[in-house]
Amino acid sequence: MQDLSAFYPLISIILGAVVVIGVIWVATKLMWKVAEPNEALIISGLTRGTLETREGMDFKIVTGKGALVLPGLQTVRPLSLTLNETELKVSCVTSQGIQVIVDGVVIYKIGDAPPFIANAARRFLGQQPKMESQVYNVFEGHLRSIIGSMTVEEIIRERDKLASQVRSASGVEMEKLGLVVDSLQIKDLQDPTGYIQNIAKPHIAMVKMEARIAEATRNREAAEKEAEAEAMIADAQSLSAIRQSVAQANAERAKANAAQAGPLADASARQQVVVQETEVAKLEADREEQKLQTTVRKPADARAYAKRTDAEGQKAADISAAEALARRTELEAQANARRTELQAQANANAAAAAAGATKVTGEAEAAATKARGDAAASAIKAKALAEADGIKARAEALGTNQDAVISQQLAENMPAIVAAAAEPFAHVGQMTVLNGGEGVNRMIGGILAQVGDYLPALSTALKNGRDAHKRDGKAPEA
């Protein structure tokens, strides 16, 4: 058997090394502290603080990793970073002086940044349950302050705005405590005075009224639809009965038509014959009427129209010829008289010149006077003859167109007629006419109206006089 005494020193060394390693591991296990994800380790004692923690005291903050803590020389304490919740129930007074009770909840935690952890460690390390009362006090004061500047209506409508303002107002104080607010919710708004309930009453009444109106409208529409449906059913039943009656009537009529088919066919044939004969008679009558229209009536109308046209043309021609003859006769008579007068003056002048040497001035004047007398007599005679011819021509024209001659005489004597109508104004010394030119126009219009009133009577008198002369066999005077 091999001697093992030579291996004892080696075994002792190995066992010693294992013991030392075990002691070192146990010691390290006891001194090595690891921070949980939701906590921070605050190490104080033989250590130096960071820039964030040096103000006030020196301590080390460890989050998310491990650190070696020397027992007896250093102290390590955990600081929880989990969420915390604080219920709020704050009695406030609005800007309207109305008391309300605000129910809310604040969800907060210690901030993850080293400054927040340092502030929280200084205030709440080992006393974290006190955070709830501190947070309540902070939010209570800010809630009362902000709600005091708002109305009840604004609080109801703008809860998010209220929460945002409270969070902003408490941010600085929460930062000093090392806390951050994750959420602030206004859960309920209690109204001990009944103000909110009274505000809602008009809206509730309006909603109820609209609901009743809508219900009544739906009931009315339903009733109308039911009535329409009943009416449609009645119409359908009536239409069905009518169709049945029509079908039965058609069947009866078909039977009657079948029974009367033969007589009706004969009567229809006779009716067609009578209709055709009537049409033929109408056509023959129309033909005769057209024939009469073409052969008798139209030629007669044409002849009558030609006679009327010829008579009117002849009458116009006779009047124009008579007027032309009278004018020509008058002009010839004036020309003959003027010629005779000139001849007489020439003879007188020649006689006066021839007798100038042998006779005295008196004999010459006597001869001249005699010559002028003879010339005047000849002129008067020629004028009388011309007037007689003119009167004769007018008498002939009067037999053809009496109205035209009378109209001519009235036109020739119109100045004298107007002068006679205006004669009463000749004896007026002064006359005042109102309305200026309009008054003068009215006065002259009155005179002309009087003349117009006298013309029909004068025309009738001339006609009667000429008819009387014609009956007596005398020529009418011009």
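In this numbering scheme, every chain counts its residues from 1 along its sequence in written order. Owing to the predicted nature of the model, reporting of local features is limited to residues with pLDDT of at least 70; listing and counting of side-chain atom pairs is limited to 80 or more, with chain, interface and lining totals taken over all residues. Side-chain measures were taken over the full set of non-hydrogen atoms in the model, leaving aside hydrogen atoms and water.

A closer look at the overall build of the protein
Definition in use: Going along the chain from the N terminus, every DSSP run of H or I of four or more residues is numbered as a helix, and every run of E of two or more is numbered as a strand. In this scheme, a residue with accessible area under 20% of its type's maximum is buried, one over 50% is exposed, and one in between is partly exposed, where area comes from a 1.4 Å probe on protein chains only. By the convention used here, residues are in contact when the closest approach between their heavy atoms is within 4.5 Å. The accessible surface values rely on the Shrake-Rupley method and a 1.4 Å probe; as for residues, cover is taken only from the protein chains in view.
Counting its secondary structure elements, the protein contains 11 helices and 8 strands. Taking all 478 residues of the protein together, the buried fraction comes to 22%. A separation of at least 24 residues holds for 73% of the contacts in the protein among residues at least 6 apart in sequence. Just so you have it, the protein exposes about 32700 Å², and 57% of that area is on carbon and sulfur atoms.

What to know about helix α6 (residues 195-259)
Condition: A helix is expected to span 1.5 Å for every residue after the first. By definition, a residue's bend is the angle between the axes fitted to the seven residues ending there and the seven starting there.
Helix length check: α6 (65 residues) gives 95 Å between terminal C-alpha atoms against 96 Å at 1.5 Å per residue, within 8%. Considering bend angle alone, the principal kink of α6 is centred on K201 and spans about 35°; proline P202 follows within four residues of it.

Here's the deal with the side chain of T94
Mapping T94 onto the fold places it in the loop between β6 (84-93) and β7 (99-110). Excluding anything up to four places from it in sequence, T94 contacts V100, I147, G148, M150, T151, V152 and I155.

Overview of the packing of helix α3 (residues 130-147) against helix α5 (residues 159-176)
Heads up, the rule is: Axis lines are fitted to C-alpha atoms, over the contacting stretch for helices. Their N-to-C directions set the angle, which ranges from 0 to 180 degrees. Should an angle lie under 35 degrees it is considered roughly parallel, over 145 roughly antiparallel, and from 65 to 115 roughly perpendicular; all remaining angles are considered oblique. What makes a crossing left-handed is the near helix being turned counterclockwise from the far one by less than a right angle; a clockwise turn instead makes it right-handed.
Running from N to C, α3 and α5 cross one another at 135°; their axes reach a closest spacing of 9 Å. Relative to α5, the element α3 lies oblique. Crossing angle aside, the handedness with which α3 passes α5 is right-handed. Between α3 and α5, the residues in contact are V135, V138, F139, H142, L143, I146 and I147 and L162, Q165, V166, A169, S170, E173 and M174, respectively.

Considerations on the sheet that holds β7
Strand pairs in the sheet, formed through backbone hydrogen bonds, run parallel or antiparallel to each other. As a reminder, the rule being used: Criterion used throughout: strands pair if DSSP finds at least two bridges between them.
The 3 strands are arranged β6-β7-β8 in an open sheet whose pairing can be described as antiparallel. At either margin of the open sheet sits one strand with a lone partner, and together these are β6 and β8 (179-190). Ignoring which end each strand starts from, the neighbouring axes of this sheet average 25° apart. Alignment of β6 against β7, held across 10 bridges, turns out to be antiparallel.

Some words on the environment of P114
With respect to the helices and strands, P114 occurs in helix α2 (residues 114-124). On the basis of relative accessibility, which here comes to 39%, the residue P114 falls in the partly exposed class. Each C-alpha atom, one on P114 and one on G178, is 9.3 Å from the other, the two residues being 64 residues apart in sequence.

Concerning the sheet that holds strand β3 (residues 60-63)
Reading across from one edge, β3-β2-β5 is the order of the 3 strands in this open sheet, with antiparallel pairing throughout. Across the chains shown, the open sheet's two edge strands, defined by having one partner strand only, are β3 and β5 (74-80). Going across the sheet, the axis of each strand differs from the next one's by a mean of 25°, ignoring polarity. As defined by bridge partners, strand β2 (residues 39-45) adjoins β3 across 4 bridges and the pair is classed as antiparallel. Looking at β3, one finds that I42 is bridged to I61. Here α2 sits on the sheet in contact with β2, β3 and β5, set at roughly 120° to β3.

Quick word on the pattern of salt bridges
Working definition: two side chains of opposite charge can pair if their charged atoms are close together. Threshold: By convention in these notes, a salt bridge is any Lys or Arg side-chain nitrogen within 4 Å of a carboxyl oxygen on Asp or Glu.
Within the structure shown, the criterion is met by 6 salt bridges. One salt bridge connects K89 with D103, and the closest N-O pair in it is separated by 3.3 Å. Linking K89 in strand β6 with D103 in strand β7, this pair joins segments that are 14 residues apart in sequence. Among the residues examined, K89 registers a relative accessible area of 48% and is labelled partly exposed.

Comments concerning the confidence of the model for the protein
Rules: Confidence of the predictor at the level of single residues is given by pLDDT, which spans 0 to 100.
For the protein, the average pLDDT comes to 75, and 68% of its residues sit at 70 or higher. For residues 474-478, every residue scores under 50 in pLDDT, and the model assigns this stretch 12 contacts once sequence neighbours within four places are set aside.

Some thoughts on the side chain of K109
Put simply, the rule reads: Pairing of N or O atoms within 3.5 Å defines a polar contact, subject to two protein rules: one partner must be a possible hydrogen donor and the other a possible acceptor, and residues neighboring in sequence count only if both atoms are side-chain atoms.
Take K109: it is sitting in strand β7. There is a polar contact of 2.9 Å between the side chain of K109 and the side chain of D112. The residues touching K109, leaving out its near neighbours within four places in the chain, are L81, T82, L83, N84, G178, L179, V180 and D182.

Overview of a nonpolar patch on the surface
Using the following cut-off: Residues qualify for a patch when their relative accessible area is over 30% and they have no salt bridge, like charges being joined within 9 Å and the nonpolar side chains of Val, Leu, Ile, Met, Phe, Trp and Tyr within 5 Å.
A cluster of nonpolar side chains, Y8, I11 and L15, forms an exposed patch at the surface whose accessible area comes to about 320 Å². Tracing the sequence through the fold places I11 in helix α1 (residues 8-31).

A closer look at the pairing of β7
Extensive coverage of β7 is indicated by the burial of 10 of its 12 residues. Between β6 and β7, which pair antiparallel one after the other, the connecting turn spans 5 residues, and G97 there sits at a positive phi close to 80°. As paired elements, β7 and β8 share 10 bridges and run antiparallel to each other. For I110, the partnering residue across the bridge sits in β8 and is L179.

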